[in-house]
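# An overview of the molecular structure
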Amino acid sequence: MQESQQFKDHQREAKIFRSRVVVMAVFMLLLVSILVYRYYDLQIVNYEEYATQSDRNRVHVQPVPPTRGLIFDRNGELLADNKASFTLSVVSADATELNNTIELLKSLIEISASDLGKFYKAQKQRRHKLDPVPLRYRLTEEEIARLAVNQHLLDGVEVNAELVRNYPHKDMFAHVIGYTGRISEKEVDAFTPEQLQRYSGTHAIGKIGIEASYEDVLLGEVGSQNVETNARGRVMRILDRIDSKQGSDLRLHLDARMQETAVAAMRGRRGAVVAIDVKTGGVLAAVSYPGFDPNLFVTGIGYRDYKSLNEDIDTPLFNRFLQAQYPPGSTIKPVIGLAGLHTGFTDVNRAISDRGVFTLPGSSRLYRDWVLARTGGGHGRVDLKAAISQSCDTYFWDLGNRMGIDNISSFGGHFGLGNLTGIDIPSERKGLWPSREWKRAARREAWYPGDTVNISIGQGMVLATPMQLAVMTATIANRGVRYRPQFIQKIGDQVHEPIVDEIFETKPEYWDAIIGGMEEVMHGARGTARRVSERSEYRMAGKSGTAQVVAIAQNAKYNSALLKERHRDHALFVAFAPVEAPQIAVAVMLENAEGGSSQAAPVARAMMDAHLLGYYLKADEFVPPVGFHHAAIIKRANNYIAERKAVRVAKEAELAAKAAVQAVDTSSSAASAAVLETTHE
Amino acid sequence: MSKQDFLRRMPEAASAFSRRARLAERLHIDFFLLLLLMLLTVIGLTVLYSASGHNLPSVEKQGTFFMIAYVTMFIVAQIPVEFMRRMAPFAYVGGVLLLLAVTIFGDISMGAQRWLQIGSFRFQPSEIMKLAMPITIAAYLSRGFLPPRFTQVIIVLGLIGLPTALIIEQPDLGTSILVATSGIMVLFFSGLLWRYIAAAVVVFGASLWPIWHFMLHDYQRQRVLTMLDPTQDPLGTGWNIIQSKTAIGSGGLSGKGWMEGTQSRLDFLPEGHTDFIIAVMSEEFGLLGVILLLAIYAMVIIRGLMIAVNSQSSFGRLLAAAVSSTFFVYVFVNMGMVSGIVPVVGVPLPLISQGGTAIVALFAGFGLLMAIATEKKRVMTPQS
């Protein structure tokens, strides 16, 4: 190559090169302009849209669930509280990963087939693929620890604490307090928009009992918080928060000690006990036995548990004090008697001569008094008082027949019979207090005089719940003032005033007569329940009754021996005390226990002793034999039990001490042996 | 001549400048370029600290790479340009052999075979090719007369095609585009006739259809489709681009503030510390930050082109211009893909994105620029 030529080319190359640089620079400028325009468009023109999108990415509104109000008895004993329950949830975006995670979880904690079934169902319904789905509820401490140790292997597994209802007394208050349960789809569908809002952070709702009827005040007000979440939905921080308002605490008239006394006195027999504070209508105790553990229902009862409860021949789920309707038997005789006095078909001194049988005029059918089978004769000469105290059927057959059904029909309502008592828990049954109209409508039959005869002693077409019988008794004790039975005493700080449903007025001597008759039942020489009042420290009034059992539908599940037992009559007893200034009214019903005075009355006495004298029974303490019910004896027996227990404890301590001494001996001898060895060295 | 001109232009600064110029010549450093690079280093580490989720170790690691990169740059700057030119064939052959080695022995990471492990040292040979390519093409073309003849052009295209194909096979579309571009840039600056350029554009346009159907992988096709409409698959392939656009847009004029970018901090933005780091910067520093960064990049590129224009040798000119404009392609492709106007092709934002090899390779390129810049002055100083 020649020098000159190269130099010339060099100049030309440089010129071409410079022009190319200019072209490239222009091209670059164009592209940079596009870039700047693009960023300007994103950051300035469409800023609002992207800023909103960015906030929507990260900021989420979460409801803050309120803490449910607590429930206390009249003495501040906790009947329902909230405790932390730990729930295991799984976030699963990927199916195979999910299967691996579940296999691993199965090896760590117990996961049942039904847990898995519910999990997969919930997983299909989740709204976002990163929503956590609950897999196991009620993790134990040990399970939580096992999960924590293996946390590094368990991606997308969360353990969350949630407050759930806890019932420390288990089955004792099941039918009163009821329980909360998971809100069902059906309940959600029935929610109003406001309710949906209120329940947005809450998983539980009161299903039955107090929990259901005071749901509105127990729930509280939901709060909300704005949280910042990362791309995987994990909450990084709380931006701002409106706190939830705790639900109101409830204080009930119930007395836990009375409730326990009732359960203890029933000695495992099926039935119901209701005790009412006469001066307020407050319910002191309401037992339906057997009960069930409401804690089972809180986080969803398992199929097997539910099945066993539901198919139990003793029907533990059935609320006997509110829903069981029995013919009230003789317990309504005081009411019939008062009706007779009030309408003038009898008076305080009118007496009949009873031979133990009664016939309707123009009829040959014999009505036999219960005493006829025992003594072969009648009650003899009885006035109203004696008729009540001896439970003379003939007197009331005659009285009822002469009064006629219309007088009886219009009278029951004054004592709350045949109507809902208005108690403040749901599912109450209203029993039956019949009338001509009712029979015509319900049975398409005319009213017969025989019907009147039957209902005069509480049999036949008349039904009442134990709650109604307690209200009736309290109304008699109050001489006509009928308070509405209520569990609630206080909502938060607000005292719930007693409600008077009716004040029935009649002559004081009429009240004296029937209350006197009821007092005679307990204290009279021929009173049916006189043995129950032995050595009593106060005067009481009562009335026994027997409810005939309607044939139970045959069912292959129940064997005949069981069925035979279940065809016995139910024992009923109503009572109040003290007679001079009544404080407590009690209704007791023991299924298939037969003797109202012998079986049910002692339970009533126990309730009155507990309330008036403070002799509370405990489930694991001495329960006196029937008819031998005296507070001093109970005390002595319990002292004896306590002594025996103290001896046992002392003996155990002695044994333990001996074992410890022996252990020390062996170790010290070993030590001395060691010392010997060292000295040998 | 040129020195007199130079002094005449800035007489009052002559003595000071000449002193500094002499120092620069002796050390083979372009102080202005160095200043810009240090500025970018500071910006890069600052943004990375936030983008990596306040991960100091990863910033320290990046800082270490920067130090290695500066040393590399100074070493490269000392190499005489003429020596580079002569060494070009060896660099090219060596680079191609390493690429073949990757194809045979390389480590597979994230579905692609890009890495070569030698002892405890792990690197991507394709990065070497980013420099070997323009050096080789510039060396080849500067040997003969310019503009290149048709046969030369064909040979150059072959030289470009072989390593590019090897890199595409890894597969690494982003790097192959950059490698090919660095070669094509040399061809462009060599004065390639406009009719060839026009023909190439037509051929390229015509070959788009077969490329789309036969050469691109499914995921690459998906990237193009995603760019055109990211909302088609918002939780899948469209996620990155939707989230990066959201990050950029929500930054507004002045941004949410350093370490306050919610999109990156809360992991909505994938790859926020690597390829998508401009989204983090846009979110936290806003349009003003973006424009500032673009301005610094522009100055780097302008400086590079000035060095090219002032270079006396064709090799130096071609190489400097190609390195500078390839740097521009880096910036444009990255900022374009993150903002959704270019398909996502895995090109990092130069000097800001995390990644050691890329930074060292870039700084080696700046070392070339500095060598070329000071080479010219060495020629012109009276001492020679």
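Residues numbered from 1 in each chain as written. Chains lettered and ligands numbered in written order. Predicted model: local features only at pLDDT ≥ 70, side-chain atom pairs only at ≥ 80, totals over all residues. Heavy atoms only, no water.

## Some thoughts on the overall build of chain B
- The helix and strand inventory of chain B stands at 15 helices and three strands.
- Classification of the 384 residues of chain B by burial places 54% in the buried group.
- A fraction of 71% describes how many contacts in chain B between residues 6 or more apart in sequence connect residues 24 or more apart. (Helix = DSSP H or I, 4+ residues; strand = E, 2+ residues; numbered from the N terminus. Buried < 20%, exposed > 50% of the residue type's maximum accessible area, 1.4 Å probe, protein only. Contact = heavy atoms within 4.5 Å.)

## Here's the deal with the overall build of chain A
- In terms of helices and strands, chain A carries 26 helices and 23 strands.
- The buried share of chain A, taken over its 681 residues, is 48%.
- The contacts in chain A between residues at least 6 apart in sequence include a share of 72% that link residues at least 24 apart.

## As for the pairing of strand E21 (residues 541–547) of chain A
Residues and elements named next belong to chain A.
- Of all seven residues making up E21, six are buried, and the element is well covered by its neighbours.
- Two elements, E21 and strand E22 (residues 570–577), share seven bridges in a ladder whose sense is antiparallel. If you follow Gly545 over to E22, its bridge partner there is Leu572. (Pairing = 2+ DSSP bridges.)

## Some words on the packing of helix H2 (residues 47–58) of chain A against helix H11 (residues 239–251) of chain B
- Relative to each other, H2(A) and H11(B) sit at 120 degrees, their axes nearing to 7 Å. Read as a crossing pair, H2(A) and H11(B) show a hand that is left-handed. Between H2(A) and H11(B), the residues in contact are A:Tyr47, A:Tyr50, A:Ala51, A:Gln53, A:Ser54 and A:Asn57 and B:Gln243, B:Lys245, B:Thr246, B:Gly249, B:Ser250 and B:Gly251, respectively.
- Looking at the contact of H2(A) with H11(B) residue by residue, the class counts come to three nonpolar, eight polar and one charged. (Axes fitted to C-alpha atoms, helices over the stretch in contact; angles between N-to-C directions. Left-handed = near helix turned anticlockwise from the far one by under 90°. Nonpolar A, V, L, I, M, F, W, Y, C, P; charged D, E, K, R; others polar.)

## Let's talk about the interface of chain B and chain A
- Of the residues lining the interface, 56 residues belong to chain B; the matching set on chain A comes to 40 residues.
- Between chain B and chain A, a total of about 4200 Å² is buried, with carbon and sulfur atoms accounting for 70% of that surface.
- Inspection of the chain B/chain A interface yields one salt bridge.
- We note a salt bridge from A:Glu228 to B:Arg265, for which the minimum N-O separation is 3.2 Å.
- Elements that contribute at least two residues to the side of chain B that touches chain A include exactly helix H8 (173–189), helix H9 (194–215), H11, helix H12 (262–265), helix H13 (277–310) and helix H14 (314–338) of chain B.
- Residue composition of the side of chain B that touches chain A, grouped by class: 31 nonpolar, 19 polar and six charged. (Buried area = accessible area lost by both parts, 1.4 Å probe. Salt bridge = Lys/Arg side-chain N within 4 Å of Asp/Glu carboxyl O.)

## Brief notes about the packing of helix H15 (residues 333–343) of chain A against helix H18 (residues 393–403) of chain A
Residues and elements named next belong to chain A.
- Following both chains from N to C, one finds H15 and H18 inclined at 45 degrees, their axes separated by 10 Å at the closest point. Put simply, H15 runs oblique to H18. The element H15 and its partner H18 pack so that their crossing is left-handed. Residues Lys333, Ile336, Gly337, Ala339, Gly340 and Thr343 of H15 form the contact with H18, whose participating residues are Asp393, Phe396, Leu399 and Met403.
- For the contact of H15 with H18, the per-class residue count stands at five nonpolar, three polar and two charged. (Parallel < 35°, antiparallel > 145°, perpendicular 65-115°, else oblique.)

## Digging into the UniProt feature "transmembrane region" (unreviewed entry) in chain B
All names here are of chain B.
- Under the UniProt annotation, "transmembrane region" (unreviewed entry) lies at residues 29–51, 63–83, 90–108, 153–168, 174–192, 285–306, 318–345 and 351–373.
- As annotated, residues 29–51 comprises 91% helix and 0% strand, and the C-alpha atoms at either end are separated by 32 Å.
- This span, residues 153–168, is 100% helix and 0% strand, and a straight line between its end C-alpha atoms measures 22 Å. (UniProt positions renumbered as here; feature names shortened; annotations may be inferred.)

## Let's talk about the nonpolar core
- The biggest cluster of nonpolar side chains holds 131 residues, and the ones touching the most others in it are A:Ile177, A:Ile210, A:Leu252, A:Phe321 and A:Phe487.
- Those residues in contact with A:Ile177 that sit more than four places away from it in its chain are A:Ile71, A:Leu79, A:Ala80, A:Tyr167, A:Ile208, A:Gly209, A:Ile210, A:Glu211 and A:Leu252.
- Membership of the second largest hydrophobic core comes to 115 residues, among which are B:Leu33, B:Leu166, B:Met281 and B:Phe328. (Core = buried A, V, L, I, M, F, W, Y, C linked by side-chain atoms within 4.5 Å.)

## With respect to unusual backbone geometry
Residues and elements named next belong to chain A.
- The amide bond that connects Tyr289 to the next residue, Pro290, takes the cis arrangement and shows omega of 0 degrees.
- With respect to the helices, strands and loops of the structure, Pro290 is situated in the loop between strand E12 (283–289) and helix H12 (295–298).
- Of note, the amide linkage connecting Ala577 to Pro578 takes the cis form, showing an omega dihedral of -15 degrees.
- Relative to the helices and strands, Pro578 resides in the loop between E22 and strand E23 (584–590).

## Quick notes on the sheet that holds strand E9 (residues 235–242) of chain A
All names here are of chain A.
- Spatially, the three strands line up as an open sheet ordered E1-E8-E9, and their pairing is antiparallel. Each edge of the open sheet carries a strand with a single partner, namely strand E1 (59–64) and E9. Averaged over all pairs of adjacent strands, the angle between strand axes in this sheet comes to 30 degrees, irrespective of strand direction.
- Those strands touched by H2 are E1, strand E8 (223–229) and E9, and its axis lies near 40 degrees from that of E1.

## Considerations on the side chain of A:Asp393
- Summarising the element assignment, A:Asp393 is placed in helix H18.
- If near-sequence neighbours (up to four positions away) are discounted, A:Asp393 is found in contact with A:Ser330, A:Lys333, A:Asp369, A:Trp370 and A:Ile457.

## Considerations on the sheet that holds strand E11 (residues 271–277) of chain A
Residue and element names in this part refer to chain A.
- Ordered by their spatial adjacency, five strands build an open sheet running E12-E11-E23-E22-E21, and the pairing between neighbours is antiparallel. Of all the strands in the sheet, just E12 and E21 have a single pairing partner and so form its edges. Averaged over all pairs of adjacent strands, the angle between their axes in this sheet comes to 10 degrees, without regard to strand direction.
- As judged from the seven bridges shared by E11 and E23, these two strands associate in the antiparallel manner. Each residue of the ladder has a partner; that of Val274, found in E23, is Ala587.
- In the packing of helix H11 (residues 256–266) onto the sheet, the strands contacted are E11, E12 and E23, and the crossing angle to E12 comes to about 35 degrees.
- Contacting E11, E12, E21, E22 and E23, helix H25 (residues 596–613) crosses the sheet at an angle of about 30 degrees to E22.

## A word on the confidence of the model for chain A
Residue and element names in this part refer to chain A.
- In the predicted model, chain A carries a mean pLDDT of 85, and 89% of its residues have values of at least 70.
- Low pLDDT, under 50, characterises residues 553–558; the predicted model gives this stretch five contacts beyond four residues in sequence or across chains.
- Within the model, the stretch residues 669–681 combines pLDDT values under 50 with zero contacts to residues more than four positions away or in other chains. (pLDDT = per-residue confidence, 0-100.)

## Section: helix H22 (residues 466–477) of chain A
Residues and elements named next belong to chain A.
- Helix length check: H22 (twelve residues) gives 16 Å between terminal C-alpha atoms against 16 Å at 1.5 Å per residue, within 8%.
- Among the twelve residues in H22, twelve count as buried, and that is most of the element.
- Within H22, burial applies to Pro466, Met467, Gln468, Leu469, Ala470, Val471, Met472, Thr473, Ala474, Thr475, Ile476 and Ala477. (Expected span 1.5 Å × (residues − 1).)

## Digging into the environment of A:Trp433
All names here are of chain A.
- Residue position: Trp433 is located in the loop between helix H19 (405–412) and helix H20 (436–443).
- On the accessibility criterion, Trp433 (12% relative accessible area) is buried.
- Spatially, the C-alpha atom of Trp433 lies 90 Å from that of Leu35, the residues being 398 residues apart in sequence.
- Once residues within four sequence positions are removed from consideration, Trp433 is found in contact with Ile332, Ile336, Ile408, Ser409, Gly412, Leu417, Gly418 and Val462.
- At 2.9 Å, the side chain of Trp433 forms a polar contact with the backbone oxygen of Ile408.
- A distance of 3.4 Å separates a polar atom in the side chain of Trp433 from the backbone oxygen of Ser409. (Polar contact = N/O pair within 3.5 Å; in protein donor to acceptor, adjacent residues only side chain to side chain.)

## What to know about the pairing of strand E13 (residues 351–354) of chain A
Residue and element names in this part refer to chain A.
- Of the two faces of E13, only the one carrying Ile352 and Asp354 is buried; Ala351 and Ser353 on the other face are not.
- In this structure, E13 lies alongside strand E16 (residues 380–383), joined through four bridges in antiparallel fashion. Residue pairing in the sheet places Ile352 in a bridge with Val382 of E16.

## Here we look at the pattern of salt bridges
Residues and elements named next belong to chain A.
- Going through the model one piece at a time under the given rule, you end up with 35 salt bridges over all chains.
- Here Lys333 and Asp393 are joined by a salt bridge, their closest N and O atoms 2.5 Å apart. Taken together, the residues Lys333 in helix H15 and Asp393 in helix H18 connect sequence positions 60 residues apart.
- A relative accessible area of 0% means that Lys333 is categorised as buried.
- The class of Asp393 is buried, set by a relative accessible area of 7%.

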